[in-house]
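For reference, the chains in residue letters:
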Amino acid sequence: MSEHQDQAQRHRTSALRAVAHPLRLRMLSLLTGAELSAAEVARELDITHANASYHLRVLLDAGELSIASEEKIRGGQAKRYRHDWRRGLESSPRPEEADGQDQQGPGQHGSSYIKATADELVRRYAEQIPRSGNLSDAELWVDAETYSRARALIEEASILLHDRAQPPRTPGTHRMNLTAAIFTMTEGHTQQGRQ
């Protein structure tokens, strides 16, 4: 592995560690549709200002957020953060990229991200409006063309929703969830599957 590849892998691993936390996933979602300060994020997520500032710094340091603007407030500077999700399509770590061998062992960083996403899905599901959406889960065998089409449709839905994200409680909008994971699997059976 070249030095450049090694540095890129370390950056992807660092970014994946940063987002592998349910609160930070909520912040990324919130900052997709709005530019907010730490105080505004704290109010929206009902957490302390200090807690919001800490997690925003972690995400900023990992390259997941950018500073959209700065303004003077009561003699100080308040930064407004933004999550550029489109940049993330090209540069953010994908869980499968971090699942390789590293100092932490195989799959640890990707697994942490999946666990954080699952925890966040449980929280969101508890807040759903009954019979307002769809839930699908499957482990199937399909041909390559069907898989490619399904993956493209999921990506299209994700892009549509991210592009149209609005600040919280914008008139005419609805709070919603999209959690999707599509990937090919090995042909073998897991130890759990053999029981």
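Residues numbered from 1 in each chain as written. Predicted model: local features only at pLDDT ≥ 70, side-chain atom pairs only at ≥ 80, totals over all residues. Heavy atoms only, no water.

(A) Geometry of a nonpolar patch on the surface. On the surface, Leu161, Met176 and Leu178 cluster together into a nonpolar patch covering about 250 Å² of accessible area. Here leucine 178 is to be found in the segment after α7 (144-163). (Patch = residues over 30% accessible without salt bridge, like charges linked within 9 Å, V, L, I, M, F, W, Y side chains within 5 Å. Areas by Shrake-Rupley, 256 points an atom, 1.4 Å probe, with all protein chains shown as cover. Salt bridge = Lys/Arg side-chain N within 4 Å of Asp/Glu carboxyl O. Helix = DSSP H or I, 4+ residues; strand = E, 2+ residues; numbered from the N terminus.)

(B) Quick look at the pairing of strand β2 (residues 66-73). Relative to strand β3 (residues 76-82), β2 is paired through 7 bridges, and the arrangement is antiparallel. Residue pairing for β3: glutamate 71 is matched across the bridge by alanine 78. Hairpin connection between β2 and β3: a loop of 2 residues separates the two successive antiparallel strands, and arginine 74 in this loop has a positive phi of roughly 45°. (Pairing = 2+ DSSP bridges.)

(C) Geometry of the sheet that holds β3. A sheet is described by the order of its strands in space; here 3 strands give the open sequence β1-β3-β2, paired in antiparallel fashion. The sheet is open, and its two edges are formed by β1 (36-37) and β2, each paired on a single side.

(D) Looking closely at the confidence of the model for the protein chain. Averaged over every residue, the pLDDT of the protein chain is 85; the share at 70 or more is 80%. Helix α5 (residues 85-91) is the least confidently modelled element of the protein chain, averaging 64 in pLDDT, while helix α3 (residues 38-45) averages 97, the highest of any element. When the criterion is pLDDT under 50, residues 91-107 qualifies, and its contacts beyond four places in sequence or with other chains add up to 29 contacts. (pLDDT = per-residue confidence, 0-100. Contact = heavy atoms within 4.5 Å.)

(E) Highlighting the nonpolar core. Counting 24 residues, the largest nonpolar core has Met27, Leu31, Val41, Leu56, Leu59 and Leu65 as the members making the most contacts within it. Looking at this core, the elements with two or more residues in it are α1 (3-19), α2 (22-30), α3 and α4 (49-61). At 5 residues, α2 tops the list of elements feeding residues into this core. Every residue in contact with leucine 59, bar those within four places of it in the chain, is listed here: Ala18, Val19, Arg24, Met27, Leu28, Glu64 and Leu65. (Core = buried A, V, L, I, M, F, W, Y, C linked by side-chain atoms within 4.5 Å. Buried < 20%, exposed > 50% of the residue type's maximum accessible area, 1.4 Å probe, protein only.)

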